[in-house]
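If you want the building blocks of each chain, they are given just below.
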Amino acid sequence: MATVVAFHAHPDDEAILTGGTLARAAAEGHRVVVVVATDGRVNNDDSDRLRELHTSARILGAHRVECLGYADSGFGAYFYPDPPGRVRFARADIDEAAHRLAAILREEAADLLLSYQPNGGYGHRDHVRVHHVGRRAAQIAATPRVLEATMPRELLARVADVARLLRLPAPYEREVVRTAYAPGSSITHRINVFRFARQKRDALVAHRSQIGASASAARLLAILRRLPPQVAGLMLGREWFVDPDLPPGRVHRNIFE
């Protein structure tokens, strides 16, 4: 059996990008560790996000959860100053943060690190930082393999179009989708997580404070809660990764291939 460490920017990213894959790995007997760079707080407010993260991780079958303790850097043109006593992750020293992650990788004797692509998926500054910190940490800890969580850009464009037709909240704005994540032709791993879609859905719903932060997100939360298992499987039944050390072409069906 192997140990996989999933490194994410914020609480809820673990469910959105890798929830099904982590649930599948745990069900197959592998050790699953979730590490988040930030506690999800833009300010020093009293947030439930770490409690929600632990609930989500428990639903997915993770064996360990860690938070590096940085502050959320926020998304958008304005980059907020650091809150009192904390550093925003996008301002964190890459080598310092990488050594903190590498300590966990070494302690766990990790076989595989799940991280992000250079564009951070959709350009969030914390997600971009995850890529740099994750890559450096894997070098320091001599972790054998790194997979970068992603989504097919073409699929996102279709989902955004359908969402607008149905007057549902689109996952990303149209201009973001044009350069988001990865072209389908570059994806090296497509993972079938149909049997774990219910766990992924329930892990997403566990992040109530984040998903319910706006009227459109609250509507999406209500839709997720009502999804029948077969529909949840169709919507949430695939996850994707890019192995930066593999040429595109052959698509693998297991993260441990």
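Residues numbered from 1 in each chain as written. Predicted model: local features only at pLDDT ≥ 70, side-chain atom pairs only at ≥ 80, totals over all residues. Heavy atoms only, no water.

- Named according to an unreviewed UniProt entry, the protein chain is GlcNAc-PI de-N-acetylase originating from Mycolicibacter nonchromogenicus.

### Digging into the sheet that holds strand β1 (residues 3–8)
So, point 1. Read across the open sheet, the 7 strands follow the order β3-β2-β1-β4-β5-β7-β6; overall the sheet is mixed. Because the sheet does not close on itself, it has two edges, and the strands there are β3 (64–70) and β6 (189–192). Taking each pair of neighbouring strands and ignoring which way they run, the sheet shows an average axis angle of 25 degrees.
So, point 2. Pairing analysis gives 5 bridges linking strand β4 (residues 112–116) to strand β5 (residues 145–150), with the strands arranged parallel. Residue serine 115 lies in a different strand from β5, and its bridge partner there is glutamate 148.
So, point 3. Those strands touched by helix α2 (residues 49–60) are β2 (31–38) and β3, and its axis lies near 155 degrees from that of β3. (Pairing = 2+ DSSP bridges. Helix = DSSP H or I, 4+ residues; strand = E, 2+ residues; numbered from the N terminus. Axes fitted to C-alpha atoms, helices over the stretch in contact; angles between N-to-C directions. Contact = heavy atoms within 4.5 Å.)

### A word on the packing of helix α3 (residues 94–108) against helix α5 (residues 125–141)
So, point 1. Two elements in contact, α3 and α5, have axes separated by 8 Å at closest approach and are oriented at 55 degrees. Between α3 and α5, the angle falls in the class oblique. In this structure, α3 crosses over α5, and the sense of that crossing is right-handed. Of the residues in α5, those touching α3 at Ile94, Asp95, Ala97, Ala98, His99, Leu101, Ala102, Leu105 and Arg106 are Arg129, His132, Val133, Gly134, Arg136, Ala137, Ala138, Ile140 and Ala141. (Parallel < 35°, antiparallel > 145°, perpendicular 65-115°, else oblique. Left-handed = near helix turned anticlockwise from the far one by under 90°.)

### Things to note about the pairing of strand β7 (residues 238–242)
So, point 1. The element β7 is largely enclosed, with a buried count of 4 among its 5 residues.
So, point 2. The sheet contact formed by β5 and β7 spans 3 bridges and is antiparallel. Of the residues in β7, the one forming a bridge with alanine 149 is phenylalanine 241.
So, point 3. Summarising the sheet, β6 and β7 pair through 4 bridges and their orientation is antiparallel. The residue bridging histidine 189 from the neighbouring strand is phenylalanine 241, located in β7. (Buried < 20%, exposed > 50% of the residue type's maximum accessible area, 1.4 Å probe, protein only.)

### Observations regarding the packing of aromatic side chains
So, point 1. On inspection of all chains with the given rule, the structure shows 4 aromatic pairs.
So, point 2. Each residue in the set Phe7, Tyr70 and Phe89 is aromatic and connected to the rest through ring pairs, giving one cluster.
So, point 3. The ring of phenylalanine 79 carries arginine 91 above its face, with NZ or CZ at 3.8 Å from the centroid.
So, point 4. Sitting over the face of the ring of phenylalanine 79, arginine 125 holds its NZ or CZ atom 4.5 Å from the ring centroid. (Phe/Tyr/Trp six-rings, centres within 6.5 Å; stacked < 30°, edge-to-face > 60°. Lys NZ or Arg CZ within 6 Å of the ring centre and 35° of its normal.)

### So, α5
One turn of an α-helix holds 3.6 residues; hence residues three or four places apart share an orientation.
So, point 1. In this model α5 runs 24 Å from its N-terminal to its C-terminal C-alpha over 17 residues, within 8% of the 24 Å that 1.5 Å per residue would give.
So, point 2. What α5 keeps buried is the set Asp126, His127, Val130, His131, Val133, Gly134, Ala137, Ala138, Ile140 and Ala141.
So, point 3. Looking one or two residues past α5, alanine 142 carries a phi angle of roughly 55 degrees, positive in sign. (Expected span 1.5 Å × (residues − 1).)

### Remarks on the packing of α2 against helix α8 (residues 197–206)
So, point 1. Across the interface, α2 lies against α8 with an axial gap of 8 Å and an inter-helix angle of 170 degrees. Viewed along their axes, α2 and α8 adopt a mutual orientation that is roughly antiparallel. From α2, Glu52, Thr55, Ser56, Ile59 and Leu60 reach across to α8, where they touch Gln199, Lys200, Asp202, Ala203 and Ala206.

### Points about the nonpolar core
So, point 1. Counting residues in hydrophobic clusters, the biggest one holds 55 residues, and the most contacted among them are Phe7, Val35, Phe89, Leu105 and Leu114.
So, point 2. Formed by 8 residues, the second largest nonpolar core is a distinct cluster that contains Leu60, Phe196, Leu204 and Leu236. (Core = buried A, V, L, I, M, F, W, Y, C linked by side-chain atoms within 4.5 Å.)

### Overview of helix α1 (residues 13–27)
So, point 1. In a regular helix each residue adds 1.5 Å, so 15 residues correspond to 21 Å; α1 covers 20 Å between its end C-alpha atoms and thus fits that length.
So, point 2. Along α1, the sharpest kink reaches roughly 75 degrees, centred on glycine 19.
So, point 3. Phi for glycine 29, located one or two positions after α1, is positive at around 95 degrees. (Bend = angle between axes of the 7 residues up to and from the residue.)

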